[in-house]
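A look at the structure
Residue-level listing of the chains:
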Amino acid sequence: MSLLDDRKAAQHAPAHHPQDVSREPRTSGSGLLAGVLILGLVVRLAWINSVGFNSDEAVYAGQAASIAGDEELFPYFPIFRAHPLLFQTTVSLAYQFGTSDVLGRLVSVAFGMATIVLTYYLGRTMYGPRAGLLAALVIAVMPYQVVVTRQVLLDGAMVTFSTLALLMTAMYGKTRHGGWLVAAGAALGLTCLTKETGVLLVGSVYAFLALAQHLGTRVRTAVLALSVWLVVFAPYPVSLKFADRGETGQNFLAWQLFRRPNHDWKFYAEVVPPAIGWGVVAVAVAAVVVSRKRWSWRETLLVCWIAVPIVVFEIWAVKGFQYLLPISTPVAVLAAMGVVRLTAHVGRWRTPVTVAMVAAVFLSCLVPTIARIRPSESDTFLAGSGGVPGGRETGHWIRDNVPEGAQMLALGPSMANIIEFYGRRRVYGLSVSTNPLNRNPTYQPIPNPDLAIRRNTLQYLVWDSFSAGRSPFYSARMRRYVERYNGRAIHTESVSVRGRDGETVTKPVIIVYEVRP
């Protein structure tokens, strides 16, 4: 869509699309929204504590515990590690009542519920109450949203603030009042204060303003909004400076920029559409296509909000399952708009067609959501997709049975983080590189594990199938250490998986070995 087309649409299309609003059914909006919220809460709470933390959850929960004054976890999880601390600080308020998995995850659920409400107001602001309600329903049961906002991850909270920023920007487009754009700058500041990758959405806003020049945005207003964003984000670099940890942020940024790719270019195409819901994606694409002749600033804003993160993360070597979560809310709004517009011209069949489309979209989200939130019995794991089976149980066993002061070597830092959180023992990662350019600067390498075992610096080895699946080289290396130093399995966690012959078999996923020099 060209800028000229955008201008023509703005000149000829009414600001509020009254043709959509006038056809809104007379329904109890608040009652239906309450039903959507109850549904969203149920799927976020179901089996929420059935599996323990994954690595990222352990880190963020550990940081929150350190902020709350947990002296046991502070040596393993210093407050300043990699990301800003707005979410961890919020979780620390709950941890004043004690560190627990459930409390941390409930904070994420609260952010997820807030996102549903904000999505409703976003859809209503852009396309009317009917679209707002449909968009809220999609977010309530979308696998991507549900899975992430059940975990102690930064991304769920970040999307709450990014959706608020999107809503403020939409209010600016609707009213042309500069105060809303400044408010969007403040909301984007909170987004970046939760996770620094939110800075990409600043690019989305400025791409939108560049393409929607008919809004008549003044340079002074745009600069003021940018200044407010900087002021709100400033506490993070300032706190690093005063805590004398400025080098931590710089080292982490350098590592993220130059680290080796962890997934190929097909990764997002393979994991994100099914996580959003194929039905939602299909209707959202159809909505963009049918909107060509009535394109306005609304579609420009939503497409910019989606396109900028996708392009940047596709180019960037580092890819993560939850990194594209900010696009979920504009996709939901596009899908809701698509249902409204696609069913607007089907005459007397409008009601059954609408019900069928809503049911198809709803089920395309709900069915995979239930499959994803059920307790996992898999021996493989995708970071950000849920908890790690057996990790919590292994950590608790180590805490109760391994002598204090003992040191351990895990396959990688992911399992090391989990064991340190639950087991309160120092754990190193075999795969952590000795080259500072090839490792997360917060992890300490073991230059010579062979020597460390012979000197009795390391007394236990922890093998896990999740890390072994990603790093067969280091798995084989650890197996050699186990054989060389007469390793004895002293604890095993297993899951039941279906074998190639269809029979259910028990498969070890975590094994703790005691080794002797």
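Residues numbered from 1 in each chain as written. Predicted model: local features only at pLDDT ≥ 70, side-chain atom pairs only at ≥ 80, totals over all residues. Heavy atoms only, no water.

Observations regarding the packing of helix H11 (residues 199-211) against helix H17 (residues 297-315)
Interhelical geometry of H11 versus H17 gives an angle of 140 degrees and a closest axis separation of 8 Å. Regarding the angle of H11 to H17, the classification is oblique. Crossing of H11 against H17: the hand is right-handed. On the side of H11, the interface is formed by Leu-200, Leu-201, Gly-203, Ser-204, Val-205, Ala-207, Phe-208 and Leu-211, while H17 contributes Trp-297, Thr-300, Leu-301, Cys-304, Trp-305, Val-308, Pro-309, Val-312 and Phe-313. Here the contact of H11 with H17 is built from residues that sort into 14 nonpolar, three polar and no charged. (Axes fitted to C-alpha atoms, helices over the stretch in contact; angles between N-to-C directions. Helix = DSSP H or I, 4+ residues; strand = E, 2+ residues; numbered from the N terminus. Parallel < 35°, antiparallel > 145°, perpendicular 65-115°, else oblique. Left-handed = near helix turned anticlockwise from the far one by under 90°. Contact = heavy atoms within 4.5 Å. Nonpolar A, V, L, I, M, F, W, Y, C, P; charged D, E, K, R; others polar.)

Thoughts on the nonpolar core
Among the nonpolar cores identified, the biggest contains 134 residues, and Met-126, Tyr-144, Val-280 and Met-415 are the most heavily contacted of them. Ranked by the residues each element gives to this core, the list is headed by helix H9 (residues 154-175), at 11 residues. For this core, the domains that each give at least three residues are domain 1 (28-373) and domain 2 (391-514). (Core = buried A, V, L, I, M, F, W, Y, C linked by side-chain atoms within 4.5 Å. Buried < 20%, exposed > 50% of the residue type's maximum accessible area, 1.4 Å probe, protein only. Domains from an automatic or database assignment.)

Focus on the pairing of strand S1 (residues 407-410)
With burial as the criterion, each face of S1 is covered, one bearing Gln-407 and Leu-409 and the other bearing Met-408 and Ala-410. Note that S1 and strand S2 (residues 426-429) share four bridges and pair parallel. Note that in S2 the partner of Met-408 across the bridge is Val-427. Crossover S1 to S2 through helix H21 (residues 413-423) is right-handed. In the sheet, S1 pairs with strand S3 (residues 460-464) via three bridges, with the strands oriented parallel. Bridging from a neighbouring strand, Met-408 pairs with Tyr-460 of S3. (Pairing = 2+ DSSP bridges. Right-handed = clockwise from strand over helix to strand, strands pointing away.)

Observations concerning helix H12 (residues 219-233)
The end-to-end C-alpha distance of H12, which contains 15 residues, comes to 21 Å, matching closely the 21 Å that a straight helix rising 1.5 Å per residue would cover. By the burial criterion, the buried members of H12 are Thr-221, Ala-222, Ala-225, Trp-229 and Phe-233. Within H12, the buried residues cover an arc of 110 degrees as seen down the axis, which keeps them to one side. Structural note: H12 exposes Val-219, Arg-220 and Val-231 on the side pointing more than 90 degrees away from its buried face. (Expected span 1.5 Å × (residues − 1). Arc of directions from axis to C-beta.)

A closer look at the packing of aromatic side chains
For any pair of aromatic rings, the description consists of the separation of the ring centres together with the inter-plane angle of the planes. According to the stated counting rule, one finds 14 aromatic pairs in the structure shown. Between the aromatic rings of Phe-53 and Tyr-422, the centroid separation amounts to 6.0 Å while the plane-to-plane angle is 40 degrees, which identifies the pairing as tilted. Within this pair, whereas Phe-53 is found in the loop between helix H3 (29-45) and helix H4 (55-67), its partner Tyr-422 is found in helix H21, the two being separated by 369 residues in sequence. Grouping residues by exposure puts Phe-53 and Tyr-422 together as buried. Pairing Phe-313 with Trp-316 gives two aromatic rings, centres 5.8 Å apart and planes at 20 degrees, and the pair type is stacked. Residue class for Phe-313 comes out buried when judged on its relative accessible area of 2%. (Phe/Tyr/Trp six-rings, centres within 6.5 Å; stacked < 30°, edge-to-face > 60°.)

By themselves, these observations are geometric and do not establish any function.
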